[in-house]
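# Structural overview for review
Each chain, written out:
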Amino acid sequence: MYDFTNNGRSQKCQKFAVAIGKDSARSILTKFAGDYNRVFFANDAKDISK
C-alpha cells in the first residue's frame, strides 16, 4: 500500500475511502486515505449514497 499511495501518479491524488459495516478495517482505510476525515462510513452498502 505504501508504494501505491506514495509513488507515481497516485501520490498526487486525493484519496477517499468508504467503510461499510461496523467491522470494517477503518484504521487501514485511514492509512490509505491519509486522514480520518477522508473515510466515510455506511452501516450497509445501500447506505453509501447517504
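The structure reproduced in this document is the subject of the present report. All of these numbers come straight from a predicted model, not from anything done at the bench.

### A few points about the overall build of the protein chain
Helix and strand counts for the protein chain come out as two helices and two strands. Scanning the protein chain from its N terminus toward the C terminus, one meets helices and strands in the order α-β-α-β. For the C-alpha atoms alone, the extent of the protein chain along its principal axes is close to 35 × 20 × 15 Å. Across the 50 residues that make up the protein chain, the buried fraction comes to 22%. By sequence separation, contacts in the protein chain at least 24 residues apart represent 24% of the contacts at least 6 residues apart. Summed over its atoms, the accessible surface of the protein chain is roughly 4,200 Å², and 51% of this surface lies on carbon and sulfur atoms. Distance from the positive charge centre (9 side chains) to the negative charge centre (5 side chains) of the protein chain: 6 Å.

### Side note on a nonpolar patch on the surface
The grouping of Phe16, Val18, Ile20, Phe40 and Ile48 at the surface amounts to a nonpolar patch, some 460 Å² of accessible area in total. Structurally, phenylalanine 16 can be placed in the loop between α1 (2-6) and β1 (17-20).

Rules used throughout
Residues numbered from 1 in each chain as written. Predicted model: local features only at pLDDT ≥ 70, side-chain atom pairs only at ≥ 80, totals over all residues. Heavy atoms only, no water. Helix = DSSP H or I, 4+ residues; strand = E, 2+ residues; numbered from the N terminus. Buried < 20%, exposed > 50% of the residue type's maximum accessible area, 1.4 Å probe, protein only. Contact = heavy atoms within 4.5 Å. Areas by Shrake-Rupley, 256 points an atom, 1.4 Å probe, with all protein chains shown as cover. Lys, Arg positive; Asp, Glu negative; His and termini not counted. Charge placed at Lys NZ, Arg CZ, Asp CG, Glu CD. Patch = residues over 30% accessible without salt bridge, like charges linked within 9 Å, V, L, I, M, F, W, Y side chains within 5 Å. Salt bridge = Lys/Arg side-chain N within 4 Å of Asp/Glu carboxyl O.

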